[in-house]
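# Geometric and topological summary
For reference, the chains in residue letters:
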Amino acid sequence: VQLVESGGGLVQAGGSLSLACTASGRALSSLAVGWFRQAPGTEREFVAAISWNGGMKYLSDSVMGRATITRDNAKNTVYLQMNSLKPEDTAVYYCAADSVMSLGYYSDSGRYEYWGPGTQVTVSS
């Protein structure tokens, strides 16, 4: 499975971005997908995740109320909509996928087998 993120860029604080994670090589419909981010000098951080059928969704406390994760399996794409962006949201955002994801492990980056190269999100103050 190859994953590619898109939609990153430079945005002012308070603005919005919609990130997309598109898969090729395998149908995304059978995979759980997570979004993680990593700012310079920090560890990779869980942002959001969604189960293979969209029935379960998880958001980190840092983006709760400001982010929405959805998926369109017909387009082989998972979306992360982020609103009310803050400078501390600045990071490289990665999507990841795995075919076997147990409850309680969606936020564990080590559980994901497939990763995209990342897309930069920069929020200016």
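Here, the structure is the one placed above.
This write-up is about the structure you can find in this document. Fair warning: this is a prediction, and the values are worked out from it, not measured in the lab.

### Details of the packing of aromatic side chains
This model, assessed by the stated rule, comprises six aromatic pairs. A ring pair is formed by Phe 36 and Phe 46, whose centres lie 5.7 Å apart and whose planes are at 70°; its orientation type is edge-to-face. With Phe 36 in strand β4 (residues 32–38) and Phe 46 in strand β5 (residues 45–50), this pair connects stretches of sequence that are ten residues apart. Taking relative accessible area as the criterion, Phe 36 reaches 1% and is therefore assigned buried. The interplanar angle of 70° and the centroid separation of 6.3 Å between the aromatic rings of Tyr 112 and Trp 115 together place this pair among those described as edge-to-face. Residue classification places Trp 115 among the partly exposed positions, given a relative accessible area of 27%. Taken together, the ring pairs connect Phe 36, Phe 46, Tyr 94, Tyr 112 and Trp 115 into an aromatic cluster. In this structure, Arg 44 is placed above the aromatic ring of Tyr 94, and the distance from its NZ or CZ to the ring centre is 4.0 Å.

### What about the pairing of strand β3 (residues 17–24)?
As paired elements, strand β1 (residues 2–6) and β3 share five bridges and run antiparallel to each other. Counted as the bridge partner of Val 4 is Thr 22 from β3. In this sheet, strand β8 (residues 77–82) lies alongside β3 in antiparallel orientation, the contact comprising six bridges. Bridge pairing in β8 links Leu 19 to Leu 80.

### Some details on the nonpolar core
Ranked by internal contacts, the top residues of the largest apolar core, which has 27 residues, are Leu 3, Trp 35, Val 78, Leu 80 and Tyr 93. Within the residue set of this core, elements represented by two or more residues are β3, β4, β5, β7 (67–72), β8, β9 (91–98) and β11 (119–124). Here Tyr 93 is in contact with Glu 5, Leu 19, Trp 35, Phe 36, Arg 37, Val 47, Leu 80, Met 82, Gly 118, Thr 119 and Val 121, once residues within four sequence places are set aside. Ala 32, Phe 36, Phe 46 and Ala 49 belong to the second largest nonpolar core, which has eight residues in total.

### Quick notes on the environment of Ser 62
With respect to the helices, strands and loops of the structure, Ser 62 is situated in the loop between β6 (57–59) and β7. Note on Ser 62: relative accessible area 31%, which makes it partly exposed. When sequence neighbours within four positions are dropped, the list of residues in contact with Ser 62 reads Arg 37 and Glu 45. Here the side chain of Ser 62 touches Glu 45 through a polar contact of 3.4 Å, side chain to side chain.

### A look at the pattern of salt bridges
In total, this model carries four salt bridges according to the counting rule given. Note that Asp 89 and Arg 66 form a salt bridge whose closest N and O atoms lie 2.8 Å from each other. With a gap of 23 residues between them, Asp 89 in the loop between β8 and β9 and Arg 66 in the loop between β6 and β7 connect regions that are remote in the sequence. The two residues Asp 89 and Arg 66 agree in class, both being buried.

Scoring rules and cut-offs
Residues numbered from 1 in each chain as written. Predicted model: local features only at pLDDT ≥ 70, side-chain atom pairs only at ≥ 80, totals over all residues. Heavy atoms only, no water. Phe/Tyr/Trp six-rings, centres within 6.5 Å; stacked < 30°, edge-to-face > 60°. Helix = DSSP H or I, 4+ residues; strand = E, 2+ residues; numbered from the N terminus. Buried < 20%, exposed > 50% of the residue type's maximum accessible area, 1.4 Å probe, protein only. Lys NZ or Arg CZ within 6 Å of the ring centre and 35° of its normal. Pairing = 2+ DSSP bridges. Core = buried A, V, L, I, M, F, W, Y, C linked by side-chain atoms within 4.5 Å. Contact = heavy atoms within 4.5 Å. Polar contact = N/O pair within 3.5 Å; in protein donor to acceptor, adjacent residues only side chain to side chain. Salt bridge = Lys/Arg side-chain N within 4 Å of Asp/Glu carboxyl O.

In short, shape yes, function no, at least from these values alone.
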